[in-house]
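# Structural features, examined
Next come the chains, spelled out residue by residue.
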Amino acid sequence: MNYRDFIQKIIYYLINPLIRGMIKVGITPNIVTFIGFLGNMAAAGMFIYAATLTGGRYAWIGYGGWVLIASSLFDMMDGRLARLGNMSSTFGAFWDSTLDRYSELVSLGGIVGFYFGLEGETWGLDNTVWGILTLAAMIGSVMVSYVRARA
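Turning next to the confidence of the model for the chain. Caution applies to low-pLDDT parts of the model: their predicted coordinates are not meant to be read in detail. When the pLDDT values of the chain are averaged, the result is 87; 95% of them are 70 or greater. The least confident element of the chain, judged by mean pLDDT, is strand 1 (residues 121-122) at 56; the most confident is helix 2 (residues 29-52) at 94.

Quick look at the structure:
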């Protein structure tokens with residue numbers, strides 16, 4: 001058994017009781033996927049907010065990092081929930097992989113927004129606005145081809 005498989009077995013041992021509880025309550029893998037995506041959006045917002053601060057900036061980056069890690073656990077739980085609850089579907093696989101890409105891009109966009117937010121103004125617009133516009137263009141560019149290929 002390699003290191004990755006060993007760690008995965010430990011994590012599954014720890015989360016399986018939670019997964020079984022989700023199955024009993026009726027939580028679907030698609031809901032878990034969406035909650036993870038919302039967490040990534042919150043982390044990105046924390047990164048961007050940190051750029052607006054003069055004091056406590058690095059604390060907010062840390063908070064965003066912890067939210068990002070917690071959101072990543074949802075990505076692990078949705079697949080496990082689908083397998084253990086026998087809820088796997090073609091749409092669920094599509095939904096999961098698509099929101100995974102969005103989550104990555106939103107998180108990176110939050111970091112870009114943090115950077116742009118630090119620099120003041122360019123051409124009359126706050127650099128945070130430029131960071132958000134850049135992020136929107138990046139997401140649109142990547143997702144068009146990705147969604148077409150997955151569909």
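Now that the structure is up, let's keep going.
Note on soluble globular proteins: their nonpolar side chains tend to be buried together. Listed in full, the 9 residues of the largest apolar core are Phe37, Ala44, Leu99, Leu105, Val106, Leu135, Ile139, Met143 and Tyr146. Elements with a contribution of two residues or more to this core: helix 2, helix 4 (90-118) and helix 5 (127-150). Looking at which element gives the most residues to this core, the answer is helix 5, with 4 residues. Excluding anything up to four places from it in sequence, leucine 99 contacts Thr33, Phe34 and Phe37. In this structure, Tyr12, Met22, Met77 and Leu81 belong to the second largest nonpolar core, which totals 7 residues.

Enumeration according to the criterion identifies 2 salt bridges in this entry. Aspartate 5 is the salt-bridge partner of arginine 4, the closest N and O atoms lying 3.9 Å from each other. We classify arginine 4 as exposed; its relative accessible area is 58%. Looking at aspartate 5, the relative accessible area reads 30%, which means it is partly exposed. For glutamate 104, the salt bridge goes to arginine 101, with nearest N and O atoms at 2.9 Å. Separated by 3 residues within a single helix, glutamate 104 and arginine 101 lie in helix 4, roughly one turn from each other. Note on arginine 101: relative accessible area 25%, which makes it partly exposed.

Time to look at the packing of helix 2 against helix 4. When two helices pack together, you describe them by how their axes are tilted relative to each other and by the distance separating the axes. Between helix 2 and helix 4, the shortest axis-to-axis distance is 7 Å and the interhelical angle comes to 5°. Here helix 2 is positioned roughly parallel relative to helix 4, judged by the angle of their axes. A class-by-class count of the residues in the contact of helix 2 with helix 4 yields 16 nonpolar, 9 polar and 1 charged.

Cut-offs and rules
Residues numbered from 1 in each chain as written. Predicted model: local features only at pLDDT ≥ 70, side-chain atom pairs only at ≥ 80, totals over all residues. Heavy atoms only, no water. pLDDT = per-residue confidence, 0-100. Helix = DSSP H or I, 4+ residues; strand = E, 2+ residues; numbered from the N terminus. Core = buried A, V, L, I, M, F, W, Y, C linked by side-chain atoms within 4.5 Å. Buried < 20%, exposed > 50% of the residue type's maximum accessible area, 1.4 Å probe, protein only. Contact = heavy atoms within 4.5 Å. Salt bridge = Lys/Arg side-chain N within 4 Å of Asp/Glu carboxyl O. Axes fitted to C-alpha atoms, helices over the stretch in contact; angles between N-to-C directions. Parallel < 35°, antiparallel > 145°, perpendicular 65-115°, else oblique. Nonpolar A, V, L, I, M, F, W, Y, C, P; charged D, E, K, R; others polar.

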